[in-house]
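Chain by chain, the residues:
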Amino acid sequence: MNQDGVPRLARSATGGEITASTYGVAPALPRAEAEPIYGLGWDEKEERFNPVEIFFYILRHRWLIASIIAVGLAIGVVVTLAQTKMYRAKALLEIVPPSARVMQDLQVVSETADQRTYRTALEKLRGREMAQRVVHELGLTERQAFLFPAGGFSLKNLIKRATGGSSSKQFAAMGPEERERRAVQIVRAGLATRLLFGTSIISITFSSHDKEIARQVANQFASSYIAQRLDQTGEASKLAREFIGEQVEEVKNKLQTAEKSLVDYAKAQGITISEEQDSLISDQIKSINEALSAAIQERLLNERLVEQINAGKATNLEAVLNNEAIQKNRSRIAELRGQYQQKRRKFKPSYPEMLELSGQIKELSKLLKQDVTAIANGVRLQLQGSVKKVEDLRQKLTELESQQAKYQDKNIRYTILKREVDAYRSQYQSLISKLNELGVSSEIKSKSASVVQNAVTPDRPYSPRLALNLLLAFAASVLAAGGSVYVYELLNNTFSNPDQVEQELKLPVLGVLPFVEEGKLKEYANDPKSAFSEAYRTLRTSIHFSGIEGAPRSLLVTSTEPGEGKSSTSMKLAEEFGALGLKVAIIDADLRKPTMHRHAGIPNGLGLSNVLTNTVPIDQADKEVQIIRTTPWPNVWLITAGTPPPNPANLLAAQKMGLFVEGCAKQFDLVIIDSPPVIGLADALLLSRLAEATLVVVSSHQVARSSAKNAIKRLRNAGAHVIGAALSKFKMDRMEYNYTYRYMNTGYLTYGSSGEGNEPEPGKESSDHEEASTILPGEKRLSMDDIFSRIRGGGV
């Protein structure tokens, strides 16, 4: 620090009001409501299924998940050992559905009947009556081992043994009905039936603790079903024959009575019955109608022929065209006419030969005309005959219709009697047919079911299955573990990785700062190749590239609550920016609980509070004081907090604070303000408006997410420009973090620390700050001469 600057600050601290001219700067202008100059921005990512994230959730809670799964598997083993061994026997029964038959009064559709048959068979096998039949056939009511099986290693059996319960006593105390009821319940509970797909075979499966009982019961179900069906069929056939026999006798008597009544009435009325059961009058009318129709057709045909003859087209009649004699004459005439025309070229018509040909032609033409005329006259005679025939038939039809009208009065009663006879005859024939079928079926006694495969004694139990129980236990344990992890994550309200910070706070994470134990903080901070230092260099680079023109001139570092590492971050950022050759000023604005002077190893004498209040201790009133102090780090100066004031918020809200920050920003390349926490205080909100950018330090596994979100919201409402967050106290050696963060604690941090080409030159030791003092694009290296010249010229 030059001698001109320090006394000027000292005199201002001991007397008069600090103004803008005191520092040679203009008052702070109001913050423009425009697009922010600094900040990486935030692009909200679309939430989608991420299997990698789930994998790392599993890694994070691996011990909890492993414990739950181990307990679940142990429970599965215990449950398997406690279960009673069960055996299963299976018999196959083929159901034979009734074939399709077509009767006079009933049609059976095969497919529908088959489905009904199968469903009926399944329900009968599952019914109580079938179970009772099986119990009686096998005598299961007298088997104590069946009614009260010996249990395995289960809680129920242990309680029964402890209370002195005995199966023998219970068996002896039960009556016959109660034993039968219990046996039926056990049989129905152990039975399983199903129709095999695409077949007519029913699978009958029975499960029991006794392998021999399982076989016997399965086979007995198949046998009992067949026997029951035969009994039902025989009984039904007998009853049906008796009933139909009675119906046959009754219908037979009715048919005889009806036939006698019909014959007597026909005789009395003079009605004659033909073989077709029609009256003679009806037959005659039908015949006359057919003959009349044919006569009318013949007459119409002859009328058309006569019309053709009258039109002079008799030569085109079909009879003329088909007459051989007429066709020969026509051919002969055509031939003679050809000869006549040929010879006409040589001879005149009066020539004898020509006259002879002409005479022959005329004679043949005359004969042709006579033949055609004869045929035409025959057609006319046929027309006259057909007309006469139609008239006669119509007259006869009129007479028959008159007789039919008289007959109808007599035929009404006859028709009623005939219809009754037909109905009784149809019923009689149907009943006789059914009676014959029942007689045949009762003699044959065809089976409606047959055993395809008898059950055999099972050689090993099907339950309990250790593999299945362990699989179910494993699945249940996985679900329980997943639910436990989900509930834990819901209850865990802190940040564990940078992704959560970005998703919750909607801020980019500019740096991830590793966790360092309190006693080793100074050691790691002084080691430029440690993960701690490398993380801050990464944070420095992110801040440097957060704006269009590089790093902001003033940066506020704050946090949500105390103890998150904001002061350490301010110190290390100042050190790293100073290593680049920039002049950095640290303002310890935490007037309530200052710590920056401890990091720098200097006493907290006069500082920011003294500047803002224009006061100094009495013992230093006549001395020249120094406010901006040097630090152990090159190019870094510190303004300590100073004497603790009673009203820090009022001092930070005063115009002097803005003038002081702006004055420092003009004398230094970067001003870092170490602010108090946001929650519960107004100090950080007031300071955020004085800085160009604000960096929020978020501690891992410490600060609540809701508190951090509330702090960001308060800063933005106050007008702060938050460029991002830095995740501190991040434990990188935990398996829960993926490769994106693991590189910070592995080979990357030792990259370039050893190997060929990286050894320092002999006799020359490399400086940590020289290694880290690479100039970023757009920056200018400042030598110490430049710094002193600026100080002498009115700089720092």
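Criteria and thresholds
Residues numbered from 1 in each chain as written. Predicted model: local features only at pLDDT ≥ 70, side-chain atom pairs only at ≥ 80, totals over all residues. Heavy atoms only, no water. Axes fitted to C-alpha atoms, helices over the stretch in contact; angles between N-to-C directions. Helix = DSSP H or I, 4+ residues; strand = E, 2+ residues; numbered from the N terminus. Parallel < 35°, antiparallel > 145°, perpendicular 65-115°, else oblique. Contact = heavy atoms within 4.5 Å. Nonpolar A, V, L, I, M, F, W, Y, C, P; charged D, E, K, R; others polar. Pairing = 2+ DSSP bridges.

**Student:** Looking at this structure, I do not really get the packing of helix 18 (residues 531-544) against helix 19 (residues 566-579). What am I missing?
**Tutor:** The relative placement of two packed helices is expressed as an angle between their axes plus a distance between the axes. Between helix 18 and helix 19, whose axes approach to 9 Å, the crossing angle comes to 75 degrees. Here helix 18 lies roughly perpendicular to helix 19, going by the angle between them. Two secondary-structure elements touch here, helix 18 through Phe532, Ser533, Tyr536, Arg537, Leu539, Arg540 and Ile543 and helix 19 through Ser568, Thr569, Lys572, Leu573, Glu576 and Phe577. Taken together, the residues of the contact of helix 18 with helix 19 sort by class into six nonpolar, three polar and four charged.

**Student:** Can you walk me through the pairing of strand 1 (residues 87-95) in this structure?
**Tutor:** Across a regular strand the side chains alternate sides, sitting on one face of the sheet and then on the other. In the sheet, strand 1 pairs with strand 3 (residues 201-208) via eight bridges, with the strands oriented antiparallel. Along strand 3, the bridge assignment pairs Ala91 with Ile204. Bridge count for strand 1 against strand 4 (residues 449-453) is four bridges, and the pairing is antiparallel. Counted as the bridge partner of Ile95 is Ala449 from strand 4.

**Student:** Where do I start with the side chain of Thr560 in this structure?
**Tutor:** Note that Thr560 resides in the loop between strand 6 (554-559) and helix 19. Leave out the neighbours within four places in its chain, and Thr560 touches Pro677, Val678, Ile679, Val697, Val703, Ser707, Ala708 and Ala711.

**Student:** Sorry if this is basic, but what is going on with the sheet that holds strand 7 (residues 584-588) here?
**Tutor:** What links the strands of a sheet is backbone hydrogen bonding, and the strands pair in either a parallel or an antiparallel sense. The strand order across the open sheet formed by eight strands is 5-12-11-6-10-7-9-8, and the pairing between neighbours is mixed. Edge positions in the sheet fall to strand 5 (509-514) and strand 8 (628-630), since each of these pairs with one other strand and no more. The average angle at which neighbouring strand axes cross in this sheet is 25 degrees, direction not considered. As defined by bridge partners, strand 5 adjoins strand 12 (residues 722-730) across four bridges and the pair is classed as parallel. Note that in strand 12 the partner of Gly511 across the bridge is Ala726.

**Student:** Any chance you could explain unusual backbone geometry here in plain terms?
**Tutor:** A cis amide bond, omega 0 degrees, links Ser463 with the succeeding residue Pro464. With respect to the helices and strands, Pro464 occurs in the loop between strand 4 and helix 15 (466-491). Residue Lys506 is not a glycine yet carries a positive backbone phi of 55 degrees. Looking at the element boundaries, Lys506 is found in the loop between helix 16 (498-505) and strand 5. The backbone of Asn635 shows a phi angle near 65 degrees, a positive value even though the residue is not glycine. By secondary structure assignment, the location of Asn635 is in the loop between strand 8 and strand 9 (636-639).

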